[in-house]
Amino acid sequence: MLRLIDLTAGYGAAPVLRGVSLEVEKGEVVTLLGPNGAGKSTLMAAITGTLSLRDGGVHLHDENLVKKSCHYIVSSGISLVPEGRLVFAPFSVEDNLRLGAIRLRGDLRERYAFVFNLFPRLAERRRQAAGTLSGGEQQMLAIGRALMSAPRLLLLDEPFLGLAPMVVAEIRASLEKLREAGLTMLMVEQKLDIALSFASRAYVLIKGRIALSDSTASLARRADLQDLYFALATGKA
Ligand SMILES: Nc1ncnc2c1ncn2[C@@H]1O[C@H](COP(=O)(O)OP(=O)(O)O)[C@@H](O)[C@H]1O
Ligand SMILES: [Mg+2]
């Protein structure tokens, strides 16, 4: 479904991503691991077109999106849950969700129902300002907003960051429902245990390059797994 070919991207003179190639098949859940500063969020920005300095291939099915605008990319079916949630604090839950549906071609009420069914807490708080929600609820809203465009591919950038274990479990259960329903996902994660148990395949990004790619089942059995923990914590491969 998604195929990155030799993707190079950055913000200025020196590229952050240096020839990244990866694939996500339809229905697959893939995780992107990597230490702080490796370029994981930059990769999300390069896929979704919010970063204009990019080169190489970003193919969704057979179309190269590398020169397309972010609006076009959302319309093509890619939706991002950004790092740090970025909900619009003064706006209500419902208005935040509606913003996610700007590029929606289908039925708006059906999308609200889908999101409220997945996150009943958002339904209870639909008229509440997003800024007054708990961190976990804001993350639910960020995921809900991304789902409002009825994406074919959902990108998640560290969705569990800074959340208490009980909230992590709750959000994870909702993401598992999406996975069981066949939604294709690429999830950035720094914690190896979450990544290995949630996804079926993993890529490890270190200093803007893919250092390792494997199935999570095979990664979990690797004798050098401790080295990977170390690399993720320190950035030293
Ligand atoms: N807006 C920006 N302008 C310039 N450099 C940036 C910007 N955002 C990130 N960087 C740099 O790009 C590199 C990768 O950052 P990022 O993609 O956020 O890493 P990660 O998400 O893996 O922690 C870092 O060196 C960071 O300082
Ligand atoms: Mg990041």
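Criteria and thresholds
- Residues numbered from 1 in each chain as written.
- Chains lettered and ligands numbered in written order.
- Predicted model: local features only at pLDDT ≥ 70, side-chain atom pairs only at ≥ 80, totals over all residues.
- Heavy atoms only, no water.
- Near = heavy atom within 4 Å.
- Polar contact = N/O pair within 3.5 Å; in protein donor to acceptor, adjacent residues only side chain to side chain.
- Areas by Shrake-Rupley, 256 points an atom, 1.4 Å probe, with all protein chains shown as cover.
- Nonpolar A, V, L, I, M, F, W, Y, C, P; charged D, E, K, R; others polar.
- Phe/Tyr/Trp six-rings, centres within 6.5 Å; stacked < 30°, edge-to-face > 60°.
- Helix = DSSP H or I, 4+ residues; strand = E, 2+ residues; numbered from the N terminus.
- Buried < 20%, exposed > 50% of the residue type's maximum accessible area, 1.4 Å probe, protein only.
- Lys NZ or Arg CZ within 6 Å of the ring centre and 35° of its normal.
- Donors = N, O, S within 2.8 Å, 3.2 Å for Na, K, Ca; no water.
- Contact = heavy atoms within 4.5 Å.
- Domains from an automatic or database assignment.
- Buried area = accessible area lost by both parts, 1.4 Å probe.
- Salt bridge = Lys/Arg side-chain N within 4 Å of Asp/Glu carboxyl O.

### As for the site of ligand 1
Part 1: Neighbouring ligand 1 are the residues Y11, V16, P35, N36, G37, A38, G39, K40, S41 and T42.
Part 2: Within the contact set of ligand 1, an oxygen atom lies 2.7 Å away from a backbone nitrogen or oxygen of G37.
Part 3: G39 places a main-chain nitrogen or oxygen 2.9 Å from an oxygen atom of ligand 1.
Part 4: When the free accessible area of ligand 1 is taken as 560 Å², the share hidden by the protein chains comes to 55%.
Part 5: Tallied by class, residues from the shell around ligand 1 come to 4 nonpolar, 5 polar and 1 charged.

### Notes on the packing of aromatic side chains
Geometry of an aromatic ring pair is reported as the spacing of the ring centres plus the angle between the planes.
Part 1: The final tally for this structure, using the stated rule, is 2 aromatic pairs.
Part 2: Both rings, one in Y112 and one in F116, keep their centres 5.9 Å apart while their planes meet at 10°; by these two values the pair is stacked. Of this pair, Y112 and F116 are both found in helix α4 (residues 108-118), 4 residues apart, which corresponds to roughly one turn of the helix.
Part 3: Residue F116 is classed as buried on the basis of its relative accessible area of 10%.
Part 4: Sitting over the ring of Y72, K68 keeps its end group 4.9 Å from the ring centre.
Part 5: Geometry around F114 places R111 over its ring, the cationic atom sitting 4.6 Å from the centre.

### A few points about the coordination of the magnesium ion (ligand 2)
Part 1: On the protein side, the magnesium ion (ligand 2) has S41 (OG) and E83 (OE) as donor atoms, found 2.1 to 2.6 Å from it. With S41 in helix α1 (residues 40-48) and E83 in the loop between β6 (78-81) and α3 (93-100), this pair connects stretches of sequence that are 42 residues apart.
Part 2: Assessed through its relative accessible area of 26%, S41 is described here as partly exposed.

### Considerations on the side chain of N96
Part 1: Here N96 is to be found in helix α3.
Part 2: There is a polar contact of 2.8 Å between the side chain of N96 and the backbone nitrogen of F88.
Part 3: Residues in contact with N96, not counting those within four places in the same chain, are V87, F88, F91, A130, L141 and R145.

### Looking at the domain arrangement of the chain
Size of an interface, as often reported, equals the accessible area lost when the parts are brought together.
Part 1: Each domain of the chain was delimited in the assignment, giving domain 1 (1-77 + 152-166 + 182-237) and domain 2 (84-151).
Part 2: The C-alpha-based centres of domain 1 and domain 2 are spaced at 24 Å.
Part 3: At the interface, 12 residues of domain 1 touch 12 residues of domain 2.
Part 4: Summing the contributions of domain 1 and of domain 2, the shared interface buries around 920 Å²; its carbon and sulfur component is 61%.
Part 5: The three residues of domain 1 that bury the most area against domain 2 are S75, L154 and L163, which together make up 41% of that side's buried surface.
Part 6: Connecting domain 1 to domain 2 are 0 salt bridges.

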